[in-house]
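# Chain and residue survey
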Amino acid sequence: MRMNDGCRKCQLERKLNAFPAGATQQQITQYQASVMELVTNSGSASSPEIASRISAVYRRLFGPEMDYGEIKRHFNALMMSLWPVMQESVEKAPDPLERAIQLSMTGNFIDFVALDHVDEDKLKQLLRDSHRNTVDPLQLEEFRQEIRVARRLVFFTDNCGEIVTDKLLIETIRKLNPEIHVTVIVRGEPVANDATLEDAEQIHLEEAAQEVIGSGNDIPGAALSCFSKEAADAAKEADLLVSKGQGNYEGLSGCGLNIFYIFMCKCSFFMERFGVKQFTGILTRENKELRLEHTKQEHA
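Below you will find a few notes about this structure. In this text the structure is predicted, and so the values were computed from the model without any measurement.

### Details of the overall build of the protein
Looking only at helices and strands, the protein has 14 helices and 6 strands in total. On C-alpha atoms alone, the protein measures out to a radius of gyration of 19 Å, which is about the 19 Å that the 2.2 N^0.38 rule sets for 300 residues. Structurally, the protein occupies a C-alpha span of about 60 × 50 × 35 Å along its principal axes. Expressed as a percentage of its 300 residues, the buried residues of the protein come to 52%.

Structure (structure tokens):
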């Protein structure tokens, strides 16, 4: 999904003055000019792709960006400490798939890019109240049917901590279809608090999925054209895909693949697009017409 005016405004608000305190005026001028150029002339690029390009400019001028390593390890451990309660909640639910989706939606709250601060008490409260999240019944049933017949599923993760709820959702999916092969794609390189192979190892994501690979880049979203061959081939060969988070939606929306999107609406663009309040969970599907057109092109 290419950037719109709302995304451009957001990028400028977040990035234009995001330079270190010790920066020289020459560095600041150079940085701000580059940010303006990248955002204003974004072309067909998605917001996560532009964010990655801005990060490259930052590193060239100022050095490494903030290291989220300690924060990521903390939230992974925090969410794993809640695993027994969340797992029991799913197992005892009238509809385990719906319950796992509710928790997965809520896990998307852990986002240090869309939110300036992730309040742990609020996170725990949201998780306790997650059974109240409304999951579109039509989308839920379509997703259930797709799971039952799918052979290969690719799951795009988003943030640290959140991947614990993703692990629970994947575990639930595989109980519905024990024959399904699940490949999880995490970020190929560290970027903000996004999940990488290191995070996947910390929470033992391999216990739920048969394969966990990196995207091959540091884009804070899923951009198929920028994937490594391994990740791109996995996505193209899958007959069902699940995309977690706003950034992955921005990178993938409109691609025409058979994708179900799960996320929490945290910024004004998503709230307006889906007509909901902040922190509302969403389960939605790639446009049917685009999927049909993609299928025709694949078989042409």
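Structure shown, so let's carry the discussion forward.
### Some details on the state of the cysteines
Tallied over the full model, the rule gives 0 disulfides. Left without a disulfide partner, Cys-7 is nearest to the cysteine sulfur of Cys-267, which lies 6.7 Å away. In this model Cys-160 remains outside any disulfide bridge; the closest cysteine sulfur is found in Cys-267, 18 Å from its own.

### A few points about the nonpolar core
If you look at soluble globular proteins, the nonpolar side chains tend to sit buried side by side. Ranked by internal contacts, the top residues of the largest apolar core, which has 50 residues, are Ile-101 and Phe-143. When residues of this core are assigned to their parent elements, the largest contribution, 6 residues, is made by helix H9 (residues 162-176). Apart from residues lying up to four places away in sequence, Phe-143 is in contact with Leu-97, Ile-101, Ile-173, Leu-240, Val-242 and Phe-260. Ile-54, Val-154, Ala-238 and Cys-265 belong to the second-largest nonpolar core, a separate cluster that totals 37 residues.

### Description of the pairing of strand E4 (residues 240-244)
Within E4, 5 of the 5 residues are buried, which leaves the element mostly enclosed by the surrounding structure. As defined by bridge partners, strand E1 (residues 152-156) adjoins E4 across 4 bridges and the pair is classed as parallel. Residue pairing in the sheet places Phe-156 in a bridge with Ser-243 of E4. Note: E4 against strand E5 (residues 259-265), 4 bridges, orientation parallel. The residue of E5 that forms the bridge with Leu-241 is Ile-259. For the crossover from E4 across helix H12 (residues 246-252) to E5, the handedness is right-handed.

Calculation notes
Residues numbered from 1 in each chain as written. Predicted model: local features only at pLDDT ≥ 70, side-chain atom pairs only at ≥ 80, totals over all residues. Heavy atoms only, no water. Helix = DSSP H or I, 4+ residues; strand = E, 2+ residues; numbered from the N terminus. Rg over C-alpha atoms; globule rule 2.2 N^0.38 Å. Buried < 20%, exposed > 50% of the residue type's maximum accessible area, 1.4 Å probe, protein only. Disulfide = S-S within 2.5 Å. Core = buried A, V, L, I, M, F, W, Y, C linked by side-chain atoms within 4.5 Å. Contact = heavy atoms within 4.5 Å. Pairing = 2+ DSSP bridges. Right-handed = clockwise from strand over helix to strand, strands pointing away.

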